[in-house]
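One letter stands for each residue in the lines below.
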Amino acid sequence: MPYRLRLSHAIAPLDSPVLVMPGFTPELKKILRAHECKFIKMGRGDHEIWWSPITDRKITVDNNIKSRHTANAVLKQAGLKKAF
């Protein structure tokens, strides 16, 4: 039987479920749009460049944010309060 690694790095059979944690990026983008932040362009790799009218600055948003701390840091750069 073929095997693969799980998130806990324990060996598990292929037919067993693997936990996939959802990222914070979709919800983060909803919050940014709700506060009138605008998507400007694609950055390097899977990053996007956004503009915040609150701080009048550009902010970089990764498309695969797995940490609530990183998501809150992006909100802080945009001049918004923590949400995660």
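To be clear, the structure that these remarks concern was listed above.
Anyway, here's the lowdown on the structure attached to this text. (Residues numbered from 1 in each chain as written. Predicted model: local features only at pLDDT ≥ 70, side-chain atom pairs only at ≥ 80, totals over all residues. Heavy atoms only, no water.)

Further remarks concern the sheet that holds strand β3 (residues 38–42). Across the sheet, which stays open at both edges, the three strands sit in the order β3-β4-β5 with antiparallel pairing between neighbours. The open sheet has two free edges, formed respectively by β3 and β5 (57–62), since each of these has just one partner strand. Pairwise comparison of adjacent strand axes, ignoring direction, gives a mean angle of 35 degrees for this sheet. Looking at chain direction, strand β4 (residues 47–52) and β5 are connected through six bridges and run antiparallel. Bridge pairing links Trp51 to Lys58 in β5. (Pairing = 2+ DSSP bridges. Helix = DSSP H or I, 4+ residues; strand = E, 2+ residues; numbered from the N terminus. Axes fitted to C-alpha atoms, helices over the stretch in contact; angles between N-to-C directions.)

Attention shifts here to the nonpolar core. Core analysis: the largest hydrophobic core is formed by 13 residues, its most contacted members being Leu28, Leu32 and Val61. The set of elements that each furnish at least two residues to this core consists of α1 (25–34), β5 and α2 (68–77). Not counting residues within four places of it along the chain, the set of residues in contact with Leu32 comprises Cys37, Trp50, Ile59, Val61, Leu75, Ala78 and Leu80. (Core = buried A, V, L, I, M, F, W, Y, C linked by side-chain atoms within 4.5 Å. Buried < 20%, exposed > 50% of the residue type's maximum accessible area, 1.4 Å probe, protein only. Contact = heavy atoms within 4.5 Å.)

Relative to β4, β3 runs antiparallel, the two sharing four bridges. The residue of β4 that forms the bridge with Lys41 is Ile49. Adjacent in sequence and paired antiparallel, β3 and β4 are bridged by four residues, among which Gly45 carries a positive phi angle near 65 degrees. In textbook terms, the turn of a hairpin is the stretch between consecutive antiparallel strands, and for β4 and β5 this stretch comprises four residues, one of which, Asp56, has a positive phi near 55 degrees.

This part covers α2. Every buried residue of α2 is listed here: Ala71, Asn72, Val74 and Leu75. The buried residues of α2 occupy one face: seen down the axis, they fall within an arc of 155 degrees. Across α2 from its buried face, at more than 90 degrees, point the exposed residues His69 and Lys76. Buried residues along α2 sit against α1 and β5. The N-capping residue of α2, defined by a side-chain oxygen 3.1 Å from the backbone nitrogen of His69, is Ser67. Two residues or fewer after α2 comes Gly79, characterised by a positive phi angle close to 85 degrees. (Arc of directions from axis to C-beta. Polar contact = N/O pair within 3.5 Å; in protein donor to acceptor, adjacent residues only side chain to side chain.)

Here the focus is the packing of aromatic side chains. For the structure shown, the criterion picks out two aromatic pairs. Ring geometry for Phe24 and Phe84: centres 5.2 Å apart, planes at 75 degrees, overall edge-to-face. You can see Phe24 sitting in the loop between β2 (11–13) and α1 and its partner Phe84 sitting in the segment after α2, a full 60 residues away along the chain. Given the relative accessible area of 22%, Phe24 is considered partly exposed. Here Phe84 falls in the partly exposed class, since its relative accessible area comes to 24%. An angle of 80 degrees between the planes, with centres 6.1 Å apart, marks the rings of Phe39 and Trp50 as edge-to-face. Here Trp50 lies in strand β4 and Phe39 lies in strand β3, a separation of 11 residues in the sequence. (Phe/Tyr/Trp six-rings, centres within 6.5 Å; stacked < 30°, edge-to-face > 60°.)

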